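Read off the chains here:
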Amino acid sequence: MPSYTPPVRDIQFVLNEVLDVSASDVPGYEALEPDFTAAVLEECGKLTAQVLAPLNSVGDREGCVLENGVVRTPAGFKAAFDKVREGGWTGLDLPEEYGGQNMPYVLGIATLEMFAASNQAFAMYQGLTHGAASAILAHGTEAQKATYLPKMVSCEWTGTMNLTEPHCGTDLGMMRTKAVPQQDGSYAITGQKIFISAGEHDLAENIIHLVLAKVPGGPEGIKGVSLFIVPKFLVNADGSLGERNALSCGKIEEKMGIHGNSTCVMNYDGARGWLLGDLHKGMRAMFTMMNEARIGVGMQGLAQADVAYQNALAYARERLQGRAVTGPANPDGPADPLIVHPDIRRSLMDQKSFAEGARAFLLWGATLIDRAHRAGDADALGMISLLTPVIKGFLTDRGFDMTVQAQQIFGGHGYIEEWGMSQFVRDARIAMIYEGANGIQALDLVGRKLAQDGGKHVMAFFEMVKAFIKENEGEEALKADFLDPLKAASKDLQAAAMFFMAEGVKNPNAALAGSYDFMHLFGHVCLGLMWARSARTALAALRSGTDDAAFYETKLATGRYYMARQLPMTATHLARIRSGAEPVMALAAEAF
């Protein structure tokens, strides 16, 4: 059975040393002292490693079962969910007035990594509830907040989002689900939604569905979409549960992975719902949840990569196979461990350098969210808006690639279910698809985010990288290994953006054909920046004297690997972008 060791030390390094969160002027960050964050992360680590990780393979084998309209989750899930709720983990970064602990989002996302790495399918139940609660918090009336949030923050009630229908995925303007106004101010919701994660289950006493639907007579297309709160059980005036609403789970999808999460077809047959936010402004309210979910899905890419790497590393150290080309490393044994071979080292370094760089990138992104929401910083909001498709798209693409590399280290055993590596691959694969497929993330990045506010935010990113390089250019220990590669990669990113500006207006296909490469180019620069910042921190620690020199030396070596072996991919992405639309669009549709 695979194992999981929570990366508490590395999370602490990023939070307390690279980002120095407790010194930030963001309200609430003064509480994030190293001793406090260590205590929270250690407790979360115990829960995830000891309770959730052992259930990961159980959920994969058993899946969820639909019987007579009731979904049974895998053995052990209900008891584990109760432990998570009792520990207050579901409301860590939600408002105290509704039962949360009001901790900064950055601490919440740090714990989310451990939940997702230990058991992604399980973690989705609470993760989706957090997103639904955030949407109600941002757009609900005071009465709606009082009715739903206390129970959702505690996960006594869970939440979902219902967007997709059988005939429409990304193009939500085509949806057919209707919401007919009733005399009491509610709406009768009728339609079918598919791919609804956690749509029905036995972990909570009520499920609060957020459902997109169209009110008859409204504008055509996406402009006519509204968002509704549709509870599984109606809620009485005193907060108690009333009758079952007219909604049901028609089917559980049989999926490639995340078997422990119930992915449902949901049928609404005149179910009572209440408008959330403004009429015909449903996408604005839903995007509160979707943008949060996209950060969380990016975290899933990192999480699956990291747990797969941990197991590949353990196997590479133990599995005896062949001899080192420079001479036996294990002369008393029949063969040397896999880890002596350069190609195995390459694979492990790919995985390690990605996971640690991605962790720093995500936690930095979380601080931008906190700065935007807690300090009202519009520039931080613009920056994280720009980076969200990069976090979601790049980290899930590369995270999946890393799980495949980890599986490959096991050879044939990686393809055998009892070793558990295939589950990491299968579970990671969905992250590239849901919450907006990665091709859509790339189109959003190039088609919308680059030009947002007149290109202000991408220019701010370029200036931030330039300022970091200039600030540290006198540091010879950083220059050749970190600053020079970062400068070259940033120039590639700027050149790609200039290409889009020059070619995009006269030939939009030229920009869109390069959008996926641009998303990856941007992602590499972000990880390059994070590695340069981490290297600066590690050097300072070594120079000041530390009893953990091995950690910082390892950090520097890992960062050098990324800068030398991964960051040069920006040149390849730029070359593909500059090839324009012609190679992509050369074949007529009927010629394929």
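Remember, it's a predicted structure, so these values are computed and weren't measured experimentally.

Trainee: If you had to explain helix α10 (residues 421-430) to someone new, which residues and values would you point to?
Mentor: Counted residue by residue, α10 has eight buried out of ten residues, so it is predominantly covered. For α10, the elements touching its buried residues are α2 (34-62), α5 (120-139), α7 (282-318) and α9 (378-409).

Trainee: Any details on a nonpolar patch on the surface? Residues and values, ideally.
Mentor: Taken together, the side chains of Ile440, Leu443 and Leu512 present a nonpolar region at the surface, about 210 Å² in accessible area. On the secondary structure map, Leu443 appears in helix α11 (residues 438-449).

Trainee: Please provide a residue-by-residue account of the state of the cysteines, values included.
Mentor: In the structure shown here, the tally under the stated rule is zero disulfides. Cys249 forms no disulfide, and the closest cysteine sulfur to it belongs to Cys264, at a distance of 3.7 Å. Assessed through its relative accessible area of 7%, Cys249 is described here as buried.

Trainee: Residues and numbers for the pattern of salt bridges, please.
Mentor: Taken as a whole and assessed by the stated rule, the structure comprises 37 salt bridges. Among the ionic pairs, Glu142 bridges to Lys145, the shortest N-O distance being 3.4 Å. Placement of both Glu142 and Lys145 in helix α6 (residues 142-153) is noted, with a separation of three residues, approximately one turn of the helix. The class for Glu142 is exposed, based on a relative accessible area of 59%. As a salt-bridge pair, Arg244 and Glu200 come within 3.9 Å of each other at their nearest N and O atoms.

Trainee: I'd love a proper account of unusual backbone geometry, names of residues and values included.
Mentor: Although it is not a glycine, Asp20 sits at a positive phi angle of roughly 50°. With respect to the helices and strands, Asp20 occurs in the loop between α1 (8-18) and α2. Take Asp20: its relative accessible area is 37%, and that puts it in the partly exposed class. Phi angles above zero are rare outside glycine, and Asn68 is one such case at about 55°. Within the element layout of this structure, Asn68 appears in the loop between β1 (65-67) and β2 (70-72).

Trainee: Could you give an account of the nonpolar core, with specific residues and numbers?
Mentor: One broad trend across soluble globular proteins is that nonpolar side chains are buried collectively. Core analysis: the largest hydrophobic core is formed by 185 residues, its most contacted members being Leu210, Phe361, Phe461, Phe518 and Phe522. Of the residues forming this core, the biggest block, 19 residues, is contributed by α7. When near neighbours in sequence (up to four residues on either side) are disregarded, Phe461 contacts Trp364, Met383, Leu493, Phe522, Val525, Cys526 and Leu529.

Trainee: Quick one: what's the story with the packing of aromatic side chains, residue by residue and with numbers?
Mentor: Inspection of every chain in the model, using the stated rule, returns 16 aromatic pairs. Centroid distance Phe551 to Tyr552: 5.2 Å. Interplanar angle 90°. Geometry classified as edge-to-face. The residues Phe551 and Tyr552 share a single accessibility class, namely buried. In this structure an aromatic cluster arises from ring pairing among Phe461, Phe499, Phe500, Phe518 and Phe522. The aromatic ring of Phe551 is capped on one face by Arg9, whose charged end is 3.9 Å from the ring centroid. Positioned over the ring face of Phe400 is Arg429, at 5.6 Å from the centre of the ring.

Rules and cut-offs
Residues numbered from 1 in each chain as written. Predicted model: local features only at pLDDT ≥ 70, side-chain atom pairs only at ≥ 80, totals over all residues. Heavy atoms only, no water. Buried < 20%, exposed > 50% of the residue type's maximum accessible area, 1.4 Å probe, protein only. Helix = DSSP H or I, 4+ residues; strand = E, 2+ residues; numbered from the N terminus. Contact = heavy atoms within 4.5 Å. Patch = residues over 30% accessible without salt bridge, like charges linked within 9 Å, V, L, I, M, F, W, Y side chains within 5 Å. Areas by Shrake-Rupley, 256 points an atom, 1.4 Å probe, with all protein chains shown as cover. Salt bridge = Lys/Arg side-chain N within 4 Å of Asp/Glu carboxyl O. Disulfide = S-S within 2.5 Å. Core = buried A, V, L, I, M, F, W, Y, C linked by side-chain atoms within 4.5 Å. Phe/Tyr/Trp six-rings, centres within 6.5 Å; stacked < 30°, edge-to-face > 60°. Lys NZ or Arg CZ within 6 Å of the ring centre and 35° of its normal.

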